[in-house]
Amino acid sequence: MSTPQDRPPARRRYTGLVGAVLVTALLAVWVWLVGVRSVQLIATGRAVGIALGAAFLVLPLLVIALIVREWLLAVDVQRMADELDRAGELPVDDLPRSPGGRVDRQVARERFEPARQAVEATPEDWRAWYRLAFAYDAAGDRRRARGSLRSASRLHRRRVRS
């Protein structure tokens, strides 16, 4: 399915990684600032300061948990992509596009159905979920695409552990 000519150049591949690292670094600064202010509020010894400091301390912890969750998903998605690429099964984005680069949604919807049927036929196959995620993405449904990637990741990790 995927040939070396279909792969993006290394420079383009790492643009997303650089962006993710920068956003993570900015969030780390925010977590640090909110954490410092939260501790300062708690250190006032006043009931309101303690309550606000404790409440604000929950936000950085939540952000850290979400960042870790997203990075773990990204690492596993890359592992799955590498595995599919080695097997020659990596989905190829060959959908027709408008001059502005937008995917032809009608064609994407038509190609979506086989991916959905593959998941229905083999719900424990992470490869089918991976392809469904990219079919959802092409059809413009980012929320379901992300959910399908999470399902693929869960099944992939389960297979790797056994």
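Quick caveat: nothing in here was measured; it's all calculated off a predicted structure.

Draft legend 1. Structural view of the packing of helix α2 (residues 47-86) against helix α5 (residues 142-161). Closest axis-to-axis distance for the α2/α5 pair is 10 Å, and the angle between their directions is 70°. Classified by the angle between their axes, α2 and α5 sit roughly perpendicular to one another. Contacts from Arg69, Glu70, Leu73, Asp76, Val77, Arg79, Met80 and Glu83 in α2 reach Arg146, Leu149, Arg150, Ala152, Ser153, His156, Arg157 and Arg159 in α5.

Draft legend 2. Quick look at the packing of helix α4 (residues 126-138) against α5. Their axes nearest at 8 Å, the elements α4 and α5 cross at an angle of 165°. Comparing the axis directions of α4 and α5 gives the class roughly antiparallel. The handedness of the crossing between α4 and α5 is left-handed. Contacts between α4 and α5 involve Trp126, Trp129, Tyr130, Leu132, Ala133, Phe134, Tyr136 and Asp137 on the former and, on the latter, Arg142, Arg144, Ala145, Ser148, Leu149, Ser151, Ala152, Leu155, His156 and Arg159. The residue inventory of the contact of α4 with α5, partitioned by class, reads eleven nonpolar, three polar and four charged.

Criteria and cut-off values
In this convention, every chain numbers its residues from 1, walking through the sequence in written order. Two thresholds apply to this predicted model, a pLDDT of at least 70 for residue-level local features and 80 or more for giving and counting side-chain atom pairs, whereas whole-chain, interface and lining totals are computed over all residues. Only hydrogens and water are removed before side-chain values are computed, so all heavy atoms of the structure are retained for them. Throughout, an axis means a line fitted to C-alpha atoms (over the contacting stretch in the case of helices), and angles, computed between N-to-C directions, take values from 0 to 180 degrees. We count a stretch as a helix when DSSP gives it H or I for four or more residues in a row; a strand needs E for two or more, and each element gets its number in order from the N terminus. In these notes the angle categories are as follows: under 35 degrees is roughly parallel, over 145 is roughly antiparallel, 65 to 115 is roughly perpendicular, and the rest is oblique. By definition, residues are in contact when any of their heavy atoms lie within 4.5 Å. The crossing is said to be left-handed when, going from far helix to near helix, the turn is anticlockwise and less than a right angle, and right-handed when the turn is clockwise. In this count, Pro and Cys sit with the nonpolar residues alongside Ala, Val, Leu, Ile, Met, Phe, Trp and Tyr, while Asp, Glu, Lys and Arg are called charged and the others, Gly among them, polar.

The quantities given are spatial measurements derived from coordinates; they are silent on function.
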